[in-house]
Amino acid sequence: MYLQINALELESNLTLLGLSPSDNGRVITCNVENVVGQTEAYLQLNILFRPTILELLEPLRLHHWCIPFSVTGNPKPELRWYHKDQELHEQEYIKTEIHESTGSVHHGCLKLVNPTHIHNGQYTLVVRNEYGEDRKEIDAHFLLPPDTDYDTGLTAVYIVVGIAGVALIGCVLMVIILKYGRNSKFGMKGSSSVISNDDDSASPLHHVSNGNNTPSSSEMGHDAVIIGMTKIPVIENPQYFRQSGSMLKSDTFVQHIKRHNIVLKRELGEGAFGKVFLAECYNLIPDQDKILVAVKTLKEASESGRADFHREAELLTNLQHEHIVTFYGVCVESDPLIMVFEYMKHGDLNKFLRSHGPDAVLMADGQHSLMVELTQSQMLHIAQQIAAGMVYLASQHFVHRDLATRNCLVGENLLVKIGDFGMSRDVYSTDYYRVGGHTMLPIRWMPPESIMYRRFTTESDVWSLGVVLWEIFTYGKQPWYQLSNNEVIECITQGRVLQRPRSCPKEVYDLMLGCWQRESYMRLNIKEIHSLLQSLAKALPVYLDILG
Ligand code: ADP
């Protein structure tokens, strides 16, 4: 903003040039002062501008169906909807609702109560004020909700195919029985084998009908989503690259590591793009001959997959902090493409919490049964380190969008770092909610404004940090584990919050509540959270020795 002040003896003018709509609502303070005293006056800018549709999104099923939108304009624009080019006349069952207004930005929904197939098709939103208009279109399909009905649809297909199969086998059997006679051994054998086959084919059906994303425990839930036949596609956080654009500096130097310097040792896990291995890397650090590293592989990369890979490498090169996992470089001599990271001995934080909680004895192989449960001070120590990493990300104007314990890593001496930036994973697929076929959203970690309008900000990261605290104090439970994805969406958008975990001190739960304020500007600031956690952690001594 340029200021030009024409000073006159008794009267002054302040001329503001180069203002934009984002300056609307800003307060100008005039402060005058001389040797006798001082006084102030305020003025709020009222900038008039034409409307713009900032977002118009695919329908979401909340309590009712909602086509979310965000619009801006001053004066507040008038909204009109068209369905297949016919103007929509709003009534009780279809109407525009504004849920939140921040300055001249308004967020809302076109609410549809029980829409049917006649409501499918193109919706156009036209916004108008005296300075101009804007319009946007979106395709809406209400009859195939992404979550339950898709599975139910498949269930129906399976049932029909199953019944047809049984009927056909039955007919063949009848013919055989009629031909060979009732007492024939062959006939009896045949029928019993049909029954047992039928039983077998019934079991996948059982899985399908279970696929409502309501895991009784999140460990079991993985099967419920993948359901044997459709593997949910792994996709990047949809706004990841757009958002992180500011982090991509043109002069970023990504270190290249020679393939012969990397010796794979064993598999650590499966990532979004390929397997993750423990490896030895030679000649990476000046005074060490070799060090242990974690390498992430990208198999069968398409052109766009390769481009994403290089952008992520540049981004990771620019993110350096003691609580962000260290990125060493890439190896792109041949396929698979490789990214090299520091090795974090204890793997991802979610698994770590579970294996140091009361259910550890129940976990798979029982090898952790001798592990000691984490103490409150250790939990605070973990939380404080993640908050430190988030303070750094916020200072870099990086919005994470997918902060969760599954995306943090644990090293020696309870060192915790944020280790994953916006990539979803196969193994944690029940933590994500698929909308419209491709986009996967970690709804259980998202505030209402991110669920309803896909608005991701440092404040929405603060909400997720509150959920991470809850995960830590429940030893890695899945948030809202008792609810299906649709129920979770309804719960969060209606303003319910997670309950206080049994082993959680009141001060920490108050902090969580500070992260879960519905209005994003009411939430605690990330720096405040970090210093609160630091002082709580200091109040209790940390005994690290139990981890060996
Ligand atoms: P992606 O980002 O490609 O989805 P992940 O970060 O999810 O990959 O990695 C998958 C698994 O590999 C994690 O759950 C963790 O157990 C292991 N892993 C990943 N990075 C490291 C690391 N730096 N050190 C140790 N284990 C790691």
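Residues numbered from 1 in each chain as written. Predicted model: local features only at pLDDT ≥ 70, side-chain atom pairs only at ≥ 80, totals over all residues. Heavy atoms only, no water.

A few words on the sheet that holds strand β16 (residues 288-298). Across the sheet, 5 strands lie side by side as β14-β15-β16-β18-β17; this open sheet has antiparallel pairing. In this open sheet, the two edge strands, each paired with only one partner strand, are β14 (262-270) and β17 (327-331). Between one strand and the next, the sheet's axes are offset by a mean angle of 35 degrees, whatever the strand orientation. In this sheet, strand β18 (residues 337-342) lies alongside β16 in antiparallel orientation, the contact comprising 6 bridges. (Pairing = 2+ DSSP bridges. Helix = DSSP H or I, 4+ residues; strand = E, 2+ residues; numbered from the N terminus. Axes fitted to C-alpha atoms, helices over the stretch in contact; angles between N-to-C directions.)

Let us look at the state of the cysteines. Covalent bonding between the sulfur atoms of two cysteines is what defines a disulfide. This structure, assessed with the given rule, holds 1 disulfide. Between the sulfur atoms of Cys66 and its disulfide mate Cys109 the distance is 1.9 Å. Every disulfide takes its handedness from the sign of the S-S torsion; for Cys66 and Cys109 that torsion is -65 degrees, giving left-handed. Of the two residues, Cys66 sits in strand β7 (residues 65-74) while Cys109 sits in strand β11 (residues 105-112), which places them 43 residues apart along the sequence. A single burial state applies to Cys66 and to Cys109, both of which are buried. (Disulfide = S-S within 2.5 Å. Buried < 20%, exposed > 50% of the residue type's maximum accessible area, 1.4 Å probe, protein only.)

This brings us to the sheet that holds strand β12 (residues 121-129). Taken in spatial order, the 4 strands line up as β9-β8-β12-β13 in an open sheet, and their pairing is antiparallel. The open sheet terminates on both sides in strands that have one partner only, identified here as β9 (86-87) and β13 (132-140). Direction of pairing for strand β8 (residues 78-83) relative to β12: antiparallel, over a ladder of 6 bridges. Paired with Glu78 across the two strands is Arg128, which belongs to β12.

What follows is about the confidence of the model for the protein chain. Residues with a pLDDT of 70 or more make up 71% of the protein chain, whose mean pLDDT is 76. Segment residues 423-427: pLDDT under 50, and 23 contacts once partners within four positions in sequence are set aside and those in other chains are kept. (pLDDT = per-residue confidence, 0-100. Contact = heavy atoms within 4.5 Å.)

Attention shifts here to the pairing of strand β15 (residues 275-285). Where β14 lies against β15, 7 bridges are found, and the strand directions are antiparallel. When the bridges of β15 are listed, Glu267 appears paired with Phe277. The hairpin formed by β15 and β16 contains 2 residues between the paired strands.

Closest axis-to-axis distance for the helix α11 (residues 506-515)/helix α12 (residues 526-539) pair is 11 Å, and the angle between their directions is 175 degrees. The orientation of α11 relative to α12 falls into the category roughly antiparallel. From α11, Glu507, Val508, Leu511 and Cys515 reach across to α12, where they touch Ile529, Leu532, Leu533 and Leu536. A per-class count over the contact of α11 with α12 returns 7 nonpolar, no polar and 1 charged. (Parallel < 35°, antiparallel > 145°, perpendicular 65-115°, else oblique. Nonpolar A, V, L, I, M, F, W, Y, C, P; charged D, E, K, R; others polar.)

A few words now on the pattern of salt bridges. Taken as a whole and assessed by the stated rule, the structure comprises 15 salt bridges. Its salt-bridge partner being Arg135, residue Glu133 comes within 3.8 Å of it at the nearest N-O pair. What makes Glu133 partly exposed here is its relative accessible area of 32%. Where Glu449 meets Arg523, a salt bridge forms, and the shortest distance between an N and an O atom there is 2.9 Å. Of the two residues, Glu449 is situated in helix α8 (residues 448-453) and Arg523 in the loop between α11 and α12; the sequence distance between them amounts to 74 residues. The exposure class of Glu449 is buried, given its relative accessible area of 4%. When salt bridges with common partners are traced through the structure, they connect Glu78, Arg80 and Glu87 into a single cluster. (Salt bridge = Lys/Arg side-chain N within 4 Å of Asp/Glu carboxyl O.)

The next thing to look at is helix α5 (residues 303-318). For α5, spanning 16 residues, the distance from its first C-alpha to its last is 23 Å, which sits close to the expected 22 Å at 1.5 Å a residue. Every buried residue of α5 is accounted for by Asp308, Phe309, Glu312, Ala313, Leu315, Leu316, Thr317 and Asn318. (Expected span 1.5 Å × (residues − 1).)

A cluster of acidic side chains, namely Glu58, Asp85, Glu137 and Asp139, defines a negative patch on the protein surface. Checked against the element boundaries, Asp85 lands in the loop between β8 and β9. (Patch = residues over 30% accessible without salt bridge, like charges linked within 9 Å, V, L, I, M, F, W, Y side chains within 5 Å. Areas by Shrake-Rupley, 256 points an atom, 1.4 Å probe, with all protein chains shown as cover. Lys, Arg positive; Asp, Glu negative; His and termini not counted. Charge placed at Lys NZ, Arg CZ, Asp CG, Glu CD.)

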